[in-house]
Amino acid sequence: AQTVTQSQPEMSVQEAETVTLSCTYDTSESNYYLFWYKQPPSRQMILVIRQEAYKQQNATENRFSVNFQKAAKSFSLKISDSQLGDTAMYFCAFMKHGGANSKLTFGKGITLSVRP
Amino acid sequence: SQTIHQWPATLVQPVGSPLSLECTVEGTSNPNLYWYRQAAGRGLQLLFYSVGIGQISSEVPQNLSASRPQDRQFILSSKKLLLSDSGFYLCAWSVMEGGAGANVLTFGAGSRLTVL
């Protein structure tokens, strides 16, 4: 079974600064997907970024980028130029590649607060 | 474009009463459908997933059941609610392979259930 660990329960960052959220995972699979989801106070789950394990290049989406270290099973999210709207809970998630059993396994999440 | 509807948004029910939460998806065919539960301050736990009409897989033994009577309809039910069933319930859909959206779970707005 796969596990996803987010060891930091909370983080805080000043507006316009950069913050990195950590995530590690454990799997015996060689091909899989990794995700970061954001859950703002509205509680709507929003996809932030997706990484395919077979791609060596780190995914980026505007101010969001990841540092994917496959050998270390690490998948951190970097938020540049933090904005007040980035205040939310962030979840790291894992999905095995292929087949009908495309289930997401989530970490416990980290609460990020952006200070004005 | 695809949309997902989930209702009711908020529900307060007495212990021992029945439950029905409904989720429908528009704009796609044969999606994978999921029910997740988020307890207060915790991560998301997968309850059920379905790869087709009438095909339900349960992830954890519990007081709840799920049904998929139509391709794009997913229902979460209980005959008798327990206090421990309180939480935030999220429905999600995905399609398997193909394109940038493959294997990405898109979530509904959630249903907040309080059992008293």
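What you see is a predicted model, and the numbers here were worked out from it, not measured in a lab.

(A) Spotlight on the overall build of chain A. From N to C terminus, chain A includes 0 helices and 12 strands. Since a compact globule built from 116 residues should have a radius of gyration of about 13 Å, the 14 Å found for chain A is in line with a globular shape. The principal-axis extent of the C-alpha atoms belonging to chain A is close to 45 × 25 × 20 Å. By the burial criterion, 47% of the 116 residues in chain A qualify as buried. Partitioning the intrachain contacts of chain A with sequence separation of at least 6 by distance along the chain shows that 56% fall at a separation of at least 24. Here chain A has roughly 5600 Å² of accessible surface; of this, 45% comes from carbon and sulfur atoms. Mean positive and mean negative side-chain charge positions of chain A (12 and 9 charges, respectively) differ by 8 Å.

(B) Up close: the interface of chain B and chain A. The interface of chain B with chain A comprises 25 residues on the first partner and 22 residues on the second. The interface formed by chain B and chain A holds 1 salt bridge in total. Across the salt bridge formed by Glu59(B) and Lys103(A), the nearest N and O atoms sit 3.3 Å from each other. Between chain B and chain A we count 7 residue pairs in polar contact (both at pLDDT 80 or more) in total. Elements supplying a minimum of two residues to the side of chain B that touches chain A: strand 4 (32-38), strand 5 (44-52) and strand 9 (87-94) of chain B. Residue classes in the side of chain B that touches chain A are distributed as 15 nonpolar, 6 polar and 4 charged.

(C) Representation of the layout of surface pockets within the structure. Empty space within the largest pocket amounts to approximately 600 Å³. Considering the residues around the largest pocket, the lining is formed by 23 residues, among which Thr105(A), Phe106(A), Leu44(B), Gln45(B) and Leu46(B) are closest to the centre. Elements represented by at least two residues in the lining of the largest pocket include exactly strand 10 (88-96) and strand 11 (104-106) of chain A together with strand 5 of chain B. Across the lining of the largest pocket, the residue classes break down as 8 nonpolar, 9 polar and 6 charged.

(D) Molecular detail of the state of the cysteines. A complete count under the given rule lists 2 disulfides over all chains for this structure. Each disulfide pairs two cysteine sulfurs, and for Cys23(A) the partner residue is Cys92(A), the sulfurs being separated by 2.0 Å. In this structure the cystine formed by Cys23(A) and Cys92(A) twists about its S-S bond by roughly -70°; its chirality is therefore left-handed. Taken together, the positions of Cys23(A) in the loop between strand 3 (19-21) and strand 4 (24-26) and Cys92(A) in strand 10 put the pair 69 residues apart, joining distant regions of the chain. Note on accessibility: Cys23(A) and Cys92(A) belong to one class, buried. Between the sulfur atoms of Cys23(B) and its disulfide mate Cys91(B) the distance is 2.0 Å.

(E) Up close: the pairing of strand 6 (residues 55-58) of chain B. Residue and element names in this part refer to chain B. Sheet analysis places strand 5 next to strand 6, joined by 3 bridges and oriented antiparallel. Note that in strand 6 the partner of Phe48 across the bridge is Ser58. Between strand 5 and strand 6, which follow one another and run antiparallel, lie 2 residues, and Gly54 among them has a positive phi close to 75°.

Conventions and cut-offs
Counting starts from 1 at the beginning of each chain's written sequence and moves along it residue by residue. Whichever chain is written first becomes A and whichever ligand is written first becomes 1, with later ones labelled in order. Predicted model: local features are reported for residues with pLDDT of at least 70 only, side-chain atom pairs are reported and counted for 80 or more only, and whole-chain, interface and lining totals are derived from all residues. Here the side-chain values reflect all heavy atoms present in the structure, with hydrogen atoms and water set aside. By the criteria applied, helices consist of DSSP H or I runs no shorter than four residues and strands consist of E runs no shorter than two, each listed in order from the N terminus. Atoms counted for the radius of gyration: C-alpha only. Globule rule: 2.2 Å times the number of residues to the power 0.38. Exposure is judged per residue with a 1.4 Å probe applied to protein chains only, and the accessible area is read against the type maximum: over 50% gives exposed, under 20% gives buried, and values in between give partly exposed. Should any heavy atoms of two residues lie within 4.5 Å, those residues are considered in contact. Each accessible area is a Shrake-Rupley estimate made with a 1.4 Å probe; only the visible protein chains count as cover when residues are assessed. Charged-residue counts in this description rest on Lys and Arg as positive and Asp and Glu as negative, His and the chain ends being excluded. Taken as the charge centre is NZ of Lys, CZ of Arg, CG of Asp or CD of Glu, depending on the residue. For this analysis, a salt bridge means a side-chain nitrogen from Lys or Arg found within 4 Å of a carboxyl oxygen belonging to Asp or Glu. Counting of polar contacts relies on pairs of N or O atoms within 3.5 Å, with two restrictions inside protein: one atom must be capable of donating a hydrogen and the other of accepting it, and residues adjacent in sequence are counted only when both atoms are side-chain atoms. Residue polarity follows a fixed list, in which Ala, Val, Leu, Ile, Met, Phe, Trp, Tyr, Cys and Pro are nonpolar, Asp, Glu, Lys and Arg are charged, and the others, Gly among them, are polar. In the cavity and pocket records, a cavity denotes points on a 1 Å grid over the protein atoms alone where a 1.4 Å probe fits but cannot get out, a pocket denotes an open set with protein on both sides within 12 Å along at least 5 of 7 lines, and lining residues are residues with an atom within 4 Å of a point. Grid points are joined across faces, edges and corners, and a volume is the space filled by probe spheres set on the points. Only a pair of cysteine sulfur atoms within 2.5 Å qualifies as a disulfide here. Here, a strand pair is defined by DSSP locating no fewer than two bridges between the strands.

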